[in-house]
There are 2 protein chains.
Amino acid sequence: MPGSARGGEGLSIAGVAQRAGVSVATVSRVLNGHSNVRPETRDKVLTAVATSGYRVNELARNLRTAESRLLLTMVPDVGNPFYAEVIRGIDFVARQHGYFMLLCDTGADPGRERSYFDLLRRRRADGAICLDPATVQQALAEESNALPWVACCEFDSSVGVPYVGIDNYRAAGDAVRHLLARGHRRVALINSDDHYLYAQQRQQGYMDALRDAGIAPDERWRINVNSLDYEAGASAAALLMTYADAPTAVFAVSDTLAIGVMSGLRRVGKRVPHDVAVVGFDDISLAAQIDPPLTTIAQPMRELGETAARLLLQRLANRNENVPGVLLPHRLVVRQSA
Amino acid sequence: MPGSARGGEGLSIAGVAQRAGVSVATVSRVLNGHSNVRPETRDKVLTAVATSGYRVNELARNLRTAESRLLLTMVPDVGNPFYAEVIRGIDFVARQHGYFMLLCDTGADPGRERSYFDLLRRRRADGAICLDPATVQQALAEESNALPWVACCEFDSSVGVPYVGIDNYRAAGDAVRHLLARGHRRVALINSDDHYLYAQQRQQGYMDALRDAGIAPDERWRINVNSLDYEAGASAAALLMTYADAPTAVFAVSDTLAIGVMSGLRRVGKRVPHDVAVVGFDDISLAAQIDPPLTTIAQPMRELGETAARLLLQRLANRNENVPGVLLPHRLVVRQSA
DNA sequence: GTGAAAGCGCTAACAA
DNA sequence: TTGTTAGCGCTTTCAC
């Protein structure tokens, strides 16, 4: 009995064809919504499908059409609310276009990153979106900028891969200038590690804003941490407060870090913003809820994700058209922490 | 030239075979690490693979082996830190066993849930882990408890599907008894919506703990919200505080809710824990960082995810062995909010 | 130890 | 409008 059972469960297209008294080609045609099928034939097939509980085997379809309809998303940390929101944006437009998202948490580790990227080469995914450090992106680009992938949030415009992000240099400058305007002269920077290009750009924005105000930045006030979690911010803040001439303001490059900073400050008896002002980055939903509400640089998180997905889809649709890099606007949100 | 190019890019196994001067069967054997290949032959193949940059086409392999090696994870909200951590656990053991995770954010919507679940039927995923409301799980179970899936965190032990979770009834009781021990008599409950069985169980735990202390729970103090985000907690708290005999303690079934509650309390000038005590649920990393640090019921988030993945893998390995339901321990973490 | 060949379930020429 | 058939690239008997 052809196509009646597959591996003991389910039915193949041949089984449906038999039930409907048509050929497999016809079944395939109605399944794929082709127009050149007589209505009555279509109905026959449709009822056969309905009564048999048939479900297309996408493994077979994928092989035949040579696409997986999966979009790979590589992110340093799914747990970070910023990334979570970007991911939502990606997922949204992916689904809109009939793709699903294969989400991979790389922990910013080049090894894991590489092995995930292999999913592209092995045809498990049709394209990829990478949010990992530029250093690992460069490595990817070297071995294969022929593969369809785009950079999101973190990008190096010189690697020749489509990207979407914000102007990190200006955004950091905006944050620092806000602090300056409030009269602060000793401003600390708590930054991601240097593998991120955005960290370098934000540091430059910080330095230049300070210099433009005639302030020589003290290097003890610049701290790089290798994780964006709360605890990292808290201990950085504690360290900062051990100096006799401790900073009166802290700019942290992530809201999670900034929230950690506030927590660390509290532990050593400092009050925000009275003793120390704090500015964060991202504007995650939590920023407005904590005490005091966090002043921060808002990134259009969801749009960042949506745009990345659209750029990728565009590359997929037209392999040789060259897709642009796009910069989205940020904005300073003044609340009570600074 | 057979197998030399596929769709203009890449090489098939036939191409490698040709380069190595062996048959495709032999190439397949070395690729899959079978032992019955002569070392010299193996080397020939390996160099051919290396020099040609060949990558196996997993679309083809998947069709042939009838498995996708993808695990579907359906979660109400990836943005919630609790779920994010559970997801990490799932991803960890999945990868350990050569599977990748297909993460789907259902928004607890039955429609989306169903369409995602279809990925299982269409062979895009080998198994699924569901964290969605029991009501939607029941629907899934009705149409197909033959499909390999397990429930995680949220489960109905009567649907006959493997599950992992905690004892929600006891956990809620523990939270309330802590409040009672601190002298509170007017204790509010801010709960998820009723579609979640865990919400019902926690409510029951709350009610019974109160009754056991001789307190008749006021139903104005029970609020159900349909989202676990901060704002939901904040407005619930605000509502509670409008009563003349406002509660002196609030038990929220999620830390995110509890943090929102604290924020809402602050807005109406109430101090925690002095005016109102707050207990949360989950013990996300943020709980220890806010001001005041949150007293909460800790769930073993990561283990919950890991266990779910293991249960699923077990089901996959042995379809007819019946896999148990497992309950993991929770514990009360006393900090300063109550 | 190695090769020839069948076939996984589907789509898309090509024929009729 | 419909059917026949040739693959997609791989794994796996079954011969040798």
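Just so it is clear, the model here is predicted, and its values are computed rather than measured.

Procedures and definitions
Residues numbered from 1 in each chain as written. Chains lettered and ligands numbered in written order. Predicted model: local features only at pLDDT ≥ 70, side-chain atom pairs only at ≥ 80, totals over all residues. Heavy atoms only, no water. Near = heavy atom within 4 Å. Polar contact = N/O pair within 3.5 Å; in protein donor to acceptor, adjacent residues only side chain to side chain. Helix = DSSP H or I, 4+ residues; strand = E, 2+ residues; numbered from the N terminus. Contact = heavy atoms within 4.5 Å. Salt bridge = Lys/Arg side-chain N within 4 Å of Asp/Glu carboxyl O. Nonpolar A, V, L, I, M, F, W, Y, C, P; charged D, E, K, R; others polar. UniProt positions renumbered as here; feature names shortened; annotations may be inferred. Least-squares fit on C-alpha atoms with pLDDT ≥ 70 in both.

Q: Which parts of the structure should I look at to understand the protein's contact with DNA strand D?
A: Surveying the vicinity of DNA strand D reveals 24 residues, the closest of which are A:Arg38, A:Thr41, B:Ile13, B:Tyr54 and B:Arg64. Note that a base nitrogen of DNA strand D is positioned 2.8 Å from one of the side-chain N or O atoms of A:Arg64. Note that a base oxygen of DNA strand D is positioned 2.3 Å from one of the side-chain N or O atoms of B:Arg64. At the level of elements, α2 (24-31) and α4 (58-65) of chain A together with α2 (24-31) and α4 (58-65) of chain B are the ones that each hand at least two residues to the surface near DNA strand D. Residue contributions to the surface near DNA strand D peak at four residues, all from α2(A).

Q: Would you take a moment to explain the interface of chain B and chain A for this structure?
A: Counting from both sides, the interface comprises 51 residues of chain B and, opposite them, 51 residues of chain A. The interface formed by chain B and chain A holds 12 salt bridges in total. The closest approach of N and O atoms between A:Arg124 and B:Glu58, which form a salt bridge, is 3.1 Å. The interface formed by chain B and chain A includes 24 residue pairs in polar contact (both at pLDDT 80 or more). Elements with a minimum of two residues in the side of chain B that touches chain A: α4, α5 (81-96), β2 (100-105), α6 (110-121), α10 (230-240) and α11 (255-267) of chain B. Ranked by residue count, the leading element in the side of chain B that touches chain A is β2(B), at six residues. Here the side of chain B that touches chain A is built from residues that sort into 20 nonpolar, nine polar and 22 charged.

Q: Is there a simple way to think about the UniProt feature "domain: HTH cro/C1-type" (unreviewed entry) in chain A in this case?
A: Taking the UniProt record as the reference, the feature "domain: HTH cro/C1-type" (unreviewed entry) is found at residues 10-41 of chain A. Secondary structure across residues 10-41 of chain A divides into 59% helix and 0% strand, with the first and last C-alpha atoms of the span separated by 23 Å.

Q: Got a minute to help me understand the relation of the copies chain B and chain A in this structure?
A: A rotation about an axis combined with a shift along that same axis relates the two copies of the chain. Mapping chain B onto chain A calls for a screw motion: a turn of 180° about the axis and a shift of 0.0 Å along it, with 0.1 Å RMSD after fitting. Each copy turns onto its partner about a two-fold axis. The position closest to the rotation axis in chain B is occupied by the C-alpha of B:Leu102, lying 2.5 Å away. Same-surface contact between copies: 100% of interface residues of chain B are shared with the interface of chain A.

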